[in-house]
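# Close look at the chain arrangement
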Amino acid sequence: MNEEIQISSVMLCFNRLSLSKKCLESYLKTISVSYELVIVDNASTDSTREWLEDVKKDARIREVIHMEKNDPASALNSGLAVCTGRYLHVMENDYIYRDGWAEYVLNCFNEIPDLGQLCVCPGSPRLIGTHHMNLVYLSLGNVVSSSVFRRDLFFIRRIRWQNIYKGSMPDDEGFSGAVKKAGLLVAWPDKQIAEAVGFSYEEFRRDPDYYIRNYKQKLQNSLSSLSIMKDIIRFRIDPTLKEALGRLLMLYWIKVKKHYLS
């Protein structure tokens, strides 16, 4: 392992070219520790592949990998497998990074020896636990896939990313669960070090079908639980299911407004 590399980042791209460009620009502007960057195109169907042909000429990019089929787990695992850094970093293509994010992340891992995975964006209230060592908030469940985690989790403990249900989304809950089973902490930052811009109203309106597909997969994943009928009978619905239902209703309304009411 090259000890000079502190953070190895894997940027996962699937369509949404305009967001990919913003994400890459913000990363290269704000990364201030020794790093390497691998970009994996998850079989995009827009102009992402052509854009990456130019991007890979940039000396700051270590490698560009093109997947033959849409499979985010395999895409992430393929990118991570070539990383040499002390910490591994998954970055989805809809994040904007802020100055100082990398130093904050390294400081958290240095100060908290049993920290296993740290998200790069703040958590939702239902998943935020105690403020730990005045640096992070412990997660009551999982964090999202855009996160930094210890190298040994991937290369020694062999924890791999999986997909949820039969869809095209990484299983955030499964990965964080495996980190916790390894006896390590999973946490959210206690400050805004990056922002997920892919879930803004403007982005939903630009391409509602993209998000409808994703939230349908989340809904299918939640409905596949054997206990779902018991929960409905007891008027107790899983928060992930409620989120997927709410987002789908909103997205269908946005689609109707865009195509028929504008």
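Residues numbered from 1 in each chain as written. Predicted model: local features only at pLDDT ≥ 70, side-chain atom pairs only at ≥ 80, totals over all residues. Heavy atoms only, no water.

In this section: helix H6 (residues 172–181). For H6, the full list of buried residues reads Asp172, Phe175, Ser176 and Val179. Buried positions in H6, seen along its axis, are confined to an arc of 95° and lie on one side of it. Opposite the buried face of H6, by more than 90 degrees, sit the exposed residues Glu173 and Lys181. As for H6, its buried residues are in contact with strand E6 (115–119), strand E9 (147–150), helix H5 (151–155) and strand E10 (185–189). One side-chain oxygen at the N-terminal end of H6 lies 3.4 Å from the backbone nitrogen of glutamate 173; it belongs to aspartate 171. Of the residues trailing H6, glycine 183 is marked for its positive phi of about 85°. (Buried < 20%, exposed > 50% of the residue type's maximum accessible area, 1.4 Å probe, protein only. Helix = DSSP H or I, 4+ residues; strand = E, 2+ residues; numbered from the N terminus. Arc of directions from axis to C-beta. Contact = heavy atoms within 4.5 Å. Polar contact = N/O pair within 3.5 Å; in protein donor to acceptor, adjacent residues only side chain to side chain.)

We now examine the pattern of salt bridges. This structure, assessed with the given rule, holds nine salt bridges. Across the pair arginine 98 and glutamate 195 runs a salt bridge, and its minimum N-O distance is 4.0 Å. Here arginine 98, found in the loop between strand E5 (95–97) and helix H4 (101–111), pairs with glutamate 195, found in strand E11 (residues 194–196); they are 97 residues apart in sequence, far enough to count as distant. Take arginine 98: its relative accessible area is 40%, and that puts it in the partly exposed class. One salt-bridge network, held together by shared partners, links Arg150, Asp152 and Arg157. (Salt bridge = Lys/Arg side-chain N within 4 Å of Asp/Glu carboxyl O.)

Okay, the confidence of the model for the protein next. Per-residue confidence for the protein gives a mean pLDDT of 85; residues scoring 70 or more make up 73%. Note on residues 232–237: pLDDT is under 50 here. Beyond four places in sequence and across chains, it has two contacts. (pLDDT = per-residue confidence, 0-100.)

Time to look at the sheet that holds E10. If you trace the nine strands from one edge of the open sheet to the other, you get E3-E2-E1-E4-E9-E6-E10-E8-E7, paired in mixed fashion. Every other strand in the sheet has two partners, leaving strand E3 (63–66) and strand E7 (128–132) as the edge strands with one partner each. Each neighbouring strand pair of the sheet contributes to a mean axis angle of 25°, computed without reference to strand direction. The pairing of E6 with E9 spans three bridges and is classified as antiparallel. Residue pairing for E9: leucine 118 is matched across the bridge by valine 148. The sheet strands contacting helix H1 (residues 17–30) are strand E1 (7–13), strand E2 (35–41) and strand E4 (87–92), and the helix crosses E2 at an angle near 175°. Packed onto the sheet, helix H2 (residues 48–55) meets E1, E2 and E3 and runs at close to 150° relative to E2. (Pairing = 2+ DSSP bridges. Axes fitted to C-alpha atoms, helices over the stretch in contact; angles between N-to-C directions.)

The next subject is the packing of aromatic side chains. Using the criterion set out here, one finds nine aromatic pairs in the structure. Centroid distance tyrosine 27 to tryptophan 101: 5.9 Å. Interplanar angle 45°. Geometry classified as tilted. One end of the pair, tyrosine 27, is in helix H1; the other, tryptophan 101, is in helix H4, and 74 residues separate them in sequence. With centroids separated by 4.0 Å and ring planes inclined at 5°, the aromatic side chains of tryptophan 161 and phenylalanine 175 adopt a geometry described as stacked. Taken together, the residues span a long stretch of sequence, with tryptophan 161 in the loop between H5 and H6 and phenylalanine 175 in helix H6 at a distance of 14 residues. Across the pair, exposure class does not vary: tryptophan 161 and phenylalanine 175 are buried alike. An aromatic cluster is defined as three or more aromatic residues linked by ring pairs; in this entry it consists of Tyr27, Tyr35, Tyr97 and Trp101. The ring of phenylalanine 155 has arginine 151 sitting right over it, with the charged end atom 4.1 Å from the ring centre. It is arginine 160 that lies over the ring of phenylalanine 154; its NZ or CZ is 3.8 Å from the centre. (Phe/Tyr/Trp six-rings, centres within 6.5 Å; stacked < 30°, edge-to-face > 60°. Lys NZ or Arg CZ within 6 Å of the ring centre and 35° of its normal.)

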